[in-house]
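Secondary and tertiary structure notes
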Amino acid sequence: MGQKKDLTGSEKSKIVRYLAEGCSSLKIAKLLKRDHRTIKRFIQNSQQGRKKRVEKPRRKITAHELRKVKRAAAKMPLATSLAIFQSCNITGVPKSTRCAILRDMAKVRKAERRPPLNKTHKVKRQDWAKKYLKTDFSKVLWTDEMRVSLDGPDGWARGWIGKGQRAPVPLRRQQGGGGVLVWAGIIKDELVGPFRVEDGVKLNSQSYCQFLEDTFFKQWYRKKSASFKKNMIFMQDNAPSHASKYSTAWLARKGIKEEKLMTWPPCSPDLNPIENLWSIIKCEIYKEGKQYTSLNSVWEAVVAAARNVDGEQIKTLTESMDGRLLSVLAKKGGYIGR
């Protein structure tokens, strides 16, 4: 005789419902036309519940070894548990035990993507904060570039998937597909741009100045009043194409010089509020793990996302500068977060 089929999910649901109605196992077997022993076995197994997990005893290490592991974990950030224990000459400890020990003194974290600060950087950041502490930041134009790729910053995304549904398969590109370089600025409650840098153009001093001429100056700046131009302060970071003698002299000929061109401390993306705007745009264009098949499509997504950023959001970013300066001084030039 062949082996009988297991109970289906539908049959199991019916058994639970019949039991709730007060039916006996024998009556349920007749209703479902199944063997009485099969029904009885299912009821007994479901009433037993799940077995509790038995915690296996850890391989014990001495207090001296524990101190060595703690010192090694502090000296070797982002190292594996095996590398940490090997540096302490502690062998024979399984991975589960190593990780359990390390969880009591450390956390698994990603490396932070920000430039390192030395003492000179911190001093310059403090000097910058003191210099601009009384500045009216509603008159400062904060500018920067951002590169957007077809697949997003990580190339992967995680999220909830409904039962019975399969996770979407991301596109896989042999060469990555490239990206689009975007320039924009924010001042008070206004967004300037975004403007797209022509594909294939490398921003050196000459091409950067030509780009500003064709976009920022011709499409936005020249429409402003003389009083606005007189009071506006232009901010840019210390990228080589921005801070070169050529670019500085070119901006001076445009009337942006001396106090109208903000000095910028090195290694300070956390002080530029437009970095937060880039985060808002990237969260929008890459939500739900979205990917793009062409550079034009990702550029159109950037434009649409920028259009949805309202004046109040921009005003919140530009008005945060007083707090950022105070935080820099309080942390003695250290990072303030964003």
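Refer to the structure presented above.
What comes next concerns the included structure.

Calculation rules
Residues numbered from 1 in each chain as written. Predicted model: local features only at pLDDT ≥ 70, side-chain atom pairs only at ≥ 80, totals over all residues. Heavy atoms only, no water. Helix = DSSP H or I, 4+ residues; strand = E, 2+ residues; numbered from the N terminus. Buried < 20%, exposed > 50% of the residue type's maximum accessible area, 1.4 Å probe, protein only. Areas by Shrake-Rupley, 256 points an atom, 1.4 Å probe, with all protein chains shown as cover. Pairing = 2+ DSSP bridges. Expected span 1.5 Å × (residues − 1). Bend = angle between axes of the 7 residues up to and from the residue. Polar contact = N/O pair within 3.5 Å; in protein donor to acceptor, adjacent residues only side chain to side chain. Patch = residues over 30% accessible without salt bridge, like charges linked within 9 Å, V, L, I, M, F, W, Y side chains within 5 Å. Salt bridge = Lys/Arg side-chain N within 4 Å of Asp/Glu carboxyl O. Lys, Arg positive; Asp, Glu negative; His and termini not counted. Charge placed at Lys NZ, Arg CZ, Asp CG, Glu CD. 1 Å grid on protein atoms, 1.4 Å probe; cavity = no way out; pocket = protein on both sides within 12 Å on 5 of 7 lines; lining within 4 Å. Points joined across faces, edges and corners; volume = space filled by probe spheres on them. Nonpolar A, V, L, I, M, F, W, Y, C, P; charged D, E, K, R; others polar. Phe/Tyr/Trp six-rings, centres within 6.5 Å; stacked < 30°, edge-to-face > 60°. Lys NZ or Arg CZ within 6 Å of the ring centre and 35° of its normal. Axes fitted to C-alpha atoms, helices over the stretch in contact; angles between N-to-C directions. Contact = heavy atoms within 4.5 Å. Core = buried A, V, L, I, M, F, W, Y, C linked by side-chain atoms within 4.5 Å.

In terms of helices and strands, the chain carries 15 helices and four strands. When the 338 residues of the chain are sorted by exposure, 37% land in the buried category. With an accessible surface of roughly 22700 Å², the chain has 51% of that area assigned to carbon and sulfur atoms.

Within strand β2 (residues 179–187), eight of the nine residues are buried, leaving the element largely enclosed by the surrounding structure. The pairing of strand β1 (residues 140–149) with β2 spans eight bridges and is antiparallel. Looking at β2, one finds that S149 is bridged to G179. In this antiparallel pair of consecutive strands, β2 and strand β3 (residues 190–196), the connection spans two residues, and K188 shows a positive phi of 55 degrees.

So, on to helix α8 (residues 205–219). With 15 residues, α8 ought to run about 21 Å at 1.5 Å a step, and its terminal C-alpha atoms sit 20 Å apart, in line with that. Considering bend angle alone, the principal kink of α8 is centred on E213 and spans about 35 degrees. Every buried residue of α8 is accounted for by S205, S207, Y208, C209, F211, L212, E213, T215, F216 and F217. The N-cap residue of α8 is N204: its side-chain oxygen and the backbone nitrogen of Q206 are 3.2 Å apart.

On the surface, D189, D310, E312, E319 and D322 cluster together into a negatively charged patch. Since its relative accessible area comes to 57%, E312 is described here as exposed.

Turning next to the layout of surface pockets. Taken as a whole, the second largest pocket encloses approximately 550 Å³ of empty space. Elements represented by at least two residues in the lining of the second largest pocket include exactly α4 (63–75), α5 (81–87) and α6 (95–103). Tallying contributions element by element places α6 first for the lining of the second largest pocket, with four residues. Looking at the lining of the second largest pocket residue by residue, the class counts come to twelve nonpolar, two polar and five charged.

Take unusual backbone geometry next. Cis geometry marks the peptide bond from G193 to P194; its omega dihedral reads 5 degrees. Tracing the chain through its elements places P194 in strand β3. The phi dihedral of K188 falls on the positive side, at around 55 degrees, and the residue is not glycine. For K188, the location among the structural elements is in the loop between β2 and β3. With a phi angle near 50 degrees, E258 is a residue other than glycine that sits in the positive phi range. Structurally, E258 is set in the loop between α11 (245–253) and α12 (274–285).

What follows is about the packing of aromatic side chains. Taken as a whole and judged by the stated rule, the model has 15 aromatic pairs. Summarising the aromatic geometry, the rings of W183 and F211 are spaced 6.2 Å apart at their centres and angled 70 degrees between planes, so their arrangement reads as edge-to-face. Placement of W183 in strand β2 and of F211 in helix α8 is noted, with a sequence separation of 28 residues between them. Ring centres of F216 and Y221 lie 5.5 Å apart, and the angle between their planes is 35 degrees; this geometry places the pair in the tilted category. A relative accessible area of 0% means that F216 is categorised as buried. Among the aromatic residues, those joined into a ring-pair cluster are W183, F195, F211, F216, F217, W220, Y221, F228, F234 and W250. A cation over an aromatic ring shows up here: R125 above the ring of Y335, its NZ or CZ 5.2 Å from the ring centre. One residue, K254, lies across the ring of F217, its end atom 5.1 Å from the ring centre.

Once that is clear, we can look at the sheet that holds strand β4 (residues 233–235). Spatially, the four strands line up as an open sheet ordered β3-β2-β1-β4, and their pairing is mixed. Only two strands of the sheet have a single partner each, and these edge strands are β3 and β4. Along the sheet, successive strands turn relative to each other by an average axial angle of 20 degrees, direction set aside. Along the sheet, helix α13 (residues 295–307) contacts β1, β2 and β3; its crossing angle with β3, the most-contacted strand, is approximately 175 degrees.

Moving on to the environment of C283. Looking at the element boundaries, C283 is found in helix α12. We classify C283 as exposed; its relative accessible area is 58%. The spatial distance from the C-alpha of C283 to the C-alpha of A305 is 9.3 Å, given a sequence separation of 22 residues.

On to the nonpolar core. Most often, soluble globular proteins have nonpolar side chains that are buried together. Of all hydrophobic cores here, the largest spans 39 residues; its most connected members are W128, W142, V148, M262, I281 and I285. If you list the elements that add at least two residues to this core, you get α7 (119–131), β1, β2, β4, α12, α13, α14 (311–318) and α15 (321–330). For this core, the leading source of residues is α13, giving six residues. If near-sequence neighbours (up to four positions away) are discounted, V148 is found in contact with G179, V180, V182, K282, I285, Y286, V298 and V302.

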